[in-house]
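Listed below are the residues making up each chain.
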Amino acid sequence: MNVSSRPLNGLPRLDAEDRSPYQHLSQRMLDISGDRGVLKDVIREGAGELVTPDASVLVKYSGYLEHMDKPFDSNCFRKTPRLMKLGEDITLWGMELGLLSMRRGELARFLFKPTYAYGTLGCPPLIPPNTTVLFEIELLDFLDSAESDKFCALSAEQQGQFPLEKVLKVAATEREFGNYLFRQNRFYDAKMRYKRALMLLRRRTAPAEEQHLVETAKLLVFLNLSFTYLKLERPTMALRYGEQALIIDQKNAKALFRCGQACLLMTEYQKARDFLVRAQREQPFNHDINNELKKLAGYYRDYMDKEREMCHRMFAPGDNGSTIGEN
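About the criteria used
Residues numbered from 1 in each chain as written. Predicted model: local features only at pLDDT ≥ 70, side-chain atom pairs only at ≥ 80, totals over all residues. Heavy atoms only, no water. Helix = DSSP H or I, 4+ residues; strand = E, 2+ residues; numbered from the N terminus. Expected span 1.5 Å × (residues − 1). Buried < 20%, exposed > 50% of the residue type's maximum accessible area, 1.4 Å probe, protein only. Arc of directions from axis to C-beta. Polar contact = N/O pair within 3.5 Å; in protein donor to acceptor, adjacent residues only side chain to side chain. Pairing = 2+ DSSP bridges. Phe/Tyr/Trp six-rings, centres within 6.5 Å; stacked < 30°, edge-to-face > 60°. Lys NZ or Arg CZ within 6 Å of the ring centre and 35° of its normal. Core = buried A, V, L, I, M, F, W, Y, C linked by side-chain atoms within 4.5 Å. Contact = heavy atoms within 4.5 Å. Axes fitted to C-alpha atoms, helices over the stretch in contact; angles between N-to-C directions. Parallel < 35°, antiparallel > 145°, perpendicular 65-115°, else oblique. Left-handed = near helix turned anticlockwise from the far one by under 90°. Nonpolar A, V, L, I, M, F, W, Y, C, P; charged D, E, K, R; others polar. Salt bridge = Lys/Arg side-chain N within 4 Å of Asp/Glu carboxyl O.

Examining helix α10 (residues 269-282)
In a regular helix each residue adds 1.5 Å, so 14 residues correspond to 20 Å; α10 covers 20 Å between its end C-alpha atoms and thus fits that length. Within the span of α10, buried status applies to Tyr269, Ala272, Phe275, Leu276 and Ala279. Buried positions in α10, seen along its axis, are confined to an arc of 130 degrees and lie on one side of it.

Here's the deal with the environment of histidine 212
Among the structural elements, histidine 212 can be located in helix α7 (residues 211-231). In terms of polar contacts, histidine 212 uses its side chain to reach the backbone carbonyl oxygen of glutamate 209, at 3.2 Å.

A closer look at the pairing of strand β4 (residues 56-65)
Taking burial as the measure, the 10 residues of β4 include 9 buried ones, the bulk of the element. Here β4 runs beside strand β6 (residues 84-85); their pairing, made up of 2 bridges, is antiparallel. Across the sheet, residue serine 56 finds its bridge partner in β6, namely lysine 85. Two elements, β4 and strand β9 (residues 133-143), share 10 bridges in a ladder whose sense is antiparallel. Looking at the pairing, serine 56 lines up with leucine 143 of β9. Sheet topology note: the β4/strand β5 (residues 73-74) ladder contains 2 bridges and is antiparallel. When the sheet's bridge partners are listed, glycine 63 is paired in β5 with aspartate 73.

With respect to the packing of aromatic side chains
Summed over all chains, the structure comprises 11 aromatic pairs. In this structure an aromatic cluster arises from ring pairing among Tyr61, Phe72, Phe110, Phe112, Tyr118 and Phe135. Above the face of the phenylalanine 142 ring, arginine 104 is positioned so that its terminal group lies 4.1 Å from the ring centre. Positioned above the aromatic ring of phenylalanine 177, the side-chain terminus of arginine 193 is 4.4 Å from the ring centre.

Points about the nonpolar core
Generally speaking, a soluble globular protein has its nonpolar side chains buried in company with each other. By size, the foremost hydrophobic cluster in this structure holds 46 residues, and its most contacted members are Val221, Leu225, Tyr241, Phe275 and Leu296. For this core, the secondary structure elements donating two or more residues are α5 (164-183), α6 (187-203), α7, α8 (235-248), α9 (253-265), α10 and α11 (287-315). Ranked by the residues each element gives to this core, the list is headed by α7, at 9 residues. The contacts of valine 221, once residues within four sequence positions are left out, are Arg175, Tyr194, Ala197, Leu198 and Leu201. Ranked by size, the runner-up nonpolar core spans 26 residues in total, among them Ala55, Met84, Phe112 and Leu139.

Section: the packing of helix α3 (residues 145-152) against α6
Packing of α3 against α6 leaves a shortest axis separation of 12 Å and a crossing angle of 55 degrees. The angle between α3 and α6 falls in the class oblique. As for the relative orientation of α3 and α6, their crossing is left-handed in sense. Between α3 and α6, the contacting residues are Ser148, Asp149, Phe151 and Cys152 on the first element and Arg193, Arg196 and Leu200 on the second. Residue composition of the contact of α3 with α6, by class: 3 nonpolar, 1 polar and 3 charged.

Focus: the packing of α7 against α9
Where α7 meets α9, the axes come as close as 10 Å, and the angle between the chain directions of the two elements is 25 degrees. One finds that α7 runs roughly parallel with respect to α9. Once α7 is placed against α9, the crossing between them reads as left-handed. Residues Leu223, Ser226, Phe227 and Leu230 of α7 pack against Lys254, Ala255, Arg258, Gln261, Ala262 and Leu265 of α9. Per-class residue counts for the contact of α7 with α9 are 6 nonpolar, 2 polar and 2 charged.

Description of the pattern of salt bridges
Summed over the entire model, instances satisfying the criterion amount to 13 salt bridges. Measuring nitrogen to oxygen at the nearest pair gives 2.6 Å for the salt bridge that ties aspartate 141 to arginine 104. Of this pair, aspartate 141 sits in strand β9 while arginine 104 sits in strand β7 (residues 103-104), and the two are 37 residues apart along the sequence. Judged by relative accessible area, which is 26%, aspartate 141 ranks as partly exposed. Under the relative-accessibility criterion, arginine 104 is labelled partly exposed at 32%. Within the structure, one salt-bridge network assembled from shared partners comprises Arg28, Asp41, Arg109 and Glu136.

So, the pairing of β9
Note: strand β8 (residues 107-112) against β9, 6 bridges, orientation antiparallel. In the sheet register, leucine 107 faces β9, and the bridge partner there is glutamate 138.

Quick notes on the environment of tyrosine 118
Structurally, tyrosine 118 is set in the loop between β8 and β9. Sequence separation between tyrosine 118 and threonine 132 is 14 residues, and the spatial gap between their C-alpha atoms is 8.4 Å. When sequence neighbours within four positions are dropped, the list of residues in contact with tyrosine 118 reads Phe72, Leu92, Cys123, Ile127, Val133 and Phe135.

A short note on unusual backbone geometry
Residue proline 125 is reached from proline 124 by a cis peptide bond, and omega for that bond is 0 degrees. With respect to the secondary-structure elements, proline 125 resides in the loop between β8 and β9. Even without glycine at this site, asparagine 185 takes up a positive phi of about 65 degrees. Tracing the sequence through the fold places asparagine 185 in the loop between α5 and α6.

Written out as structure tokens, the structure is:
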């Protein structure tokens, strides 16, 4: 064997036909750990900032052993993946390093050597000892909760020393957390996140030329709170936050729709109709608004039928000339 066929460590190189599939794959992958323990191949580029060290990530992943088509581990069957916090919920060192190299929307393939995966012992019976594993990971989103938690722990006076951009960013993060919890049907927890975002925005006094930024952020939180209280079956609160949204934007179709839904649940049919007709005026072809108006018409018809029946019973002749008090 000539010198050129030997790597720097003195061991002979494998000929191309002797390499395993993972060894073939590794030749075109990027070393992100510095020791070729974690190798990366980007399948689809992401956008925006890299994942931050204290972030909570929303990912889809599948793990494969060499020469096996089916994954030994995957969360792709879940309709909504679980939010996982780096340093707490992710047990593979390689996956954590890999995620720190990713951006939102990115899809990548990784090879993890045993040191960065399941170690010398493996994880019987699924993972043999000293096994290199392949993971395909899609980063759907991530939230930097550490920054938000630290900021919210400050006093109002301390928060006031930060620029408005910082406050808006933290409030947006809190709202995004609320949105995630809402999608998980954790409505009470979502409400608490939305309220924390609202508290930050209400504390802030912005210059006149920047106040519209605060109002825009508040509007989104009011809409979220209105919808969340509907899910919590508290229509009075849903109406309150819907009306606060309308103070900011009196023609907002979502706010009008939420207020109409709340009034319908409270059996305030005329108010419900007023809100829903205004919403329809803004979005004439909105399927949800038109369906809610049909539902209202049905409820109102049933209500009027019951009213007529009650009046009939009240004024119909009975044993004592009246049936007042009968059911």
